[in-house]
Amino acid sequence: MSDRLEPPLVEQKLFIERTGVLMEAAGFPRMSGRVLAALLIAPERGSTPAEIAALLQASRASISVALNQLLLIGMIEHAPNPGERADRFRMKPGSWATLTEAGTRKLESFRQIAQDGLAVLPDGADPGPLREMEAFYRVWLALFPRMMDEWRRLSAQSQAEGGEP
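Fair warning: this is a prediction, and the values are worked out from it, not measured in the lab.

(A) Spotlight on the overall build of the chain. In terms of helices and strands, the chain carries 6 helices and 2 strands. Ordered by position in the sequence, the α and β elements of the chain form the string α-α-α-α-β-β-α-α. Expected size for 165 residues packed as a compact globule is a radius of gyration near 15 Å; at 21 Å, the chain overshoots this value by more than 25%. For the chain, the C-alpha atoms occupy an extent of roughly 70 × 40 × 30 Å along the three principal directions. In the chain, which comprises 165 residues, the share counted as buried stands at 33%. For the chain, the accessible area works out to roughly 10,700 Å², and carbon and sulfur atoms hold 58% of it. The averaged location of the 21 negative side-chain charges in the chain is 4 Å from the averaged location of its 19 positive side-chain charges.

What follows is the structure in structure tokens.
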């Protein structure tokens, strides 16, 4: 099997680059976002690091680092590859919910910072911004578990019916 994929269409290249920029804005290396995009549009069997490197015109070392990071955060997984020596990778089912849950847990820190700020607010300072911050994250953190429960319910129902969530 070849380590080369068909040259990407202009639209695919734009998708890959936009995903890289978006992930970079979210705090990830741009290459991790580009690799994520390559796996989002990969064949069902997944892609090898060599195939991803060829598609992205990037070094195998940079692909390896990005794949390891995406594995670590739970976005991708090894794909079964009977009879093949090269590793294959694909998107991990449920990874978006997992990533969002992890990010939401970090938002508790913002709520706590707002509470801490209110506790040390000097006389005459405007508490409005800190109150708004604390209220926003308190509501977000209260509503998010319900949204995730609904997502899981819809996802399970859809999979039971043989479809996508």
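(B) How the structure looks around helix α2 (residues 30-40). Within α2, 8 of the 11 residues are buried, which leaves it mostly tucked inside the rest of the structure. Elements in contact with the buried residues of α2: α1 (10-25), α3 (49-56), α4 (60-72), β1 (76-79), β2 (88-91) and α5 (95-119).

(C) Structural view of the side chain of E77. In this fold, E77 is placed in strand β1. When near neighbours in sequence (up to four residues on either side) are disregarded, E77 contacts L71, R88, F89, R90, M91, K92 and P93.

(D) Seen up close, the packing of α2 against α4. Relative to each other, α2 and α4 sit at 80°, their axes nearing to 9 Å. One element, α2, and the other, α4, form an angle in the roughly perpendicular class. On α4, the residues that touch M31, S32, V35, L36 and L39 of α2 are S62, I63, A66, L67, Q69 and L70. Of the residues that constitute the contact of α2 with α4, the class distribution is 8 nonpolar, 3 polar and no charged.

(E) Seen up close, the pattern of salt bridges. Across all of its chains, the model carries 12 salt bridges by this definition. Across the pair D149 and R152 runs a salt bridge whose closest N-O atoms are separated by 3.8 Å. Of this pair, D149 and R152 both sit in helix α6 (residues 128-160), 3 residues apart, which is roughly one turn of that helix. Note that E150 and R153 form a salt bridge whose closest N and O atoms lie 2.6 Å from each other. Of this pair, E150 and R153 both sit in helix α6, separated by 3 residues, roughly a single helical turn. Look at E150 and you get partly exposed, because its relative accessible area is 35%. You can call R153 partly exposed: its relative accessible area is 42%. Three or more residues are tied together by salt bridges with common partners; here these are R45, E51, E84 and R88.

(F) Layout of the environment of S155. Mapped onto the elements, S155 comes out in helix α6. A relative accessible area of 12% places S155 in the buried class. With 61 residues separating them along the chain, S155 and G94 place their C-alpha atoms 9.3 Å apart.

Parameters and conventions
Residues numbered from 1 in each chain as written. Predicted model: local features only at pLDDT ≥ 70, side-chain atom pairs only at ≥ 80, totals over all residues. Heavy atoms only, no water. Helix = DSSP H or I, 4+ residues; strand = E, 2+ residues; numbered from the N terminus. Rg over C-alpha atoms; globule rule 2.2 N^0.38 Å. Buried < 20%, exposed > 50% of the residue type's maximum accessible area, 1.4 Å probe, protein only. Areas by Shrake-Rupley, 256 points an atom, 1.4 Å probe, with all protein chains shown as cover. Lys, Arg positive; Asp, Glu negative; His and termini not counted. Charge placed at Lys NZ, Arg CZ, Asp CG, Glu CD. Contact = heavy atoms within 4.5 Å. Axes fitted to C-alpha atoms, helices over the stretch in contact; angles between N-to-C directions. Parallel < 35°, antiparallel > 145°, perpendicular 65-115°, else oblique. Nonpolar A, V, L, I, M, F, W, Y, C, P; charged D, E, K, R; others polar. Salt bridge = Lys/Arg side-chain N within 4 Å of Asp/Glu carboxyl O.

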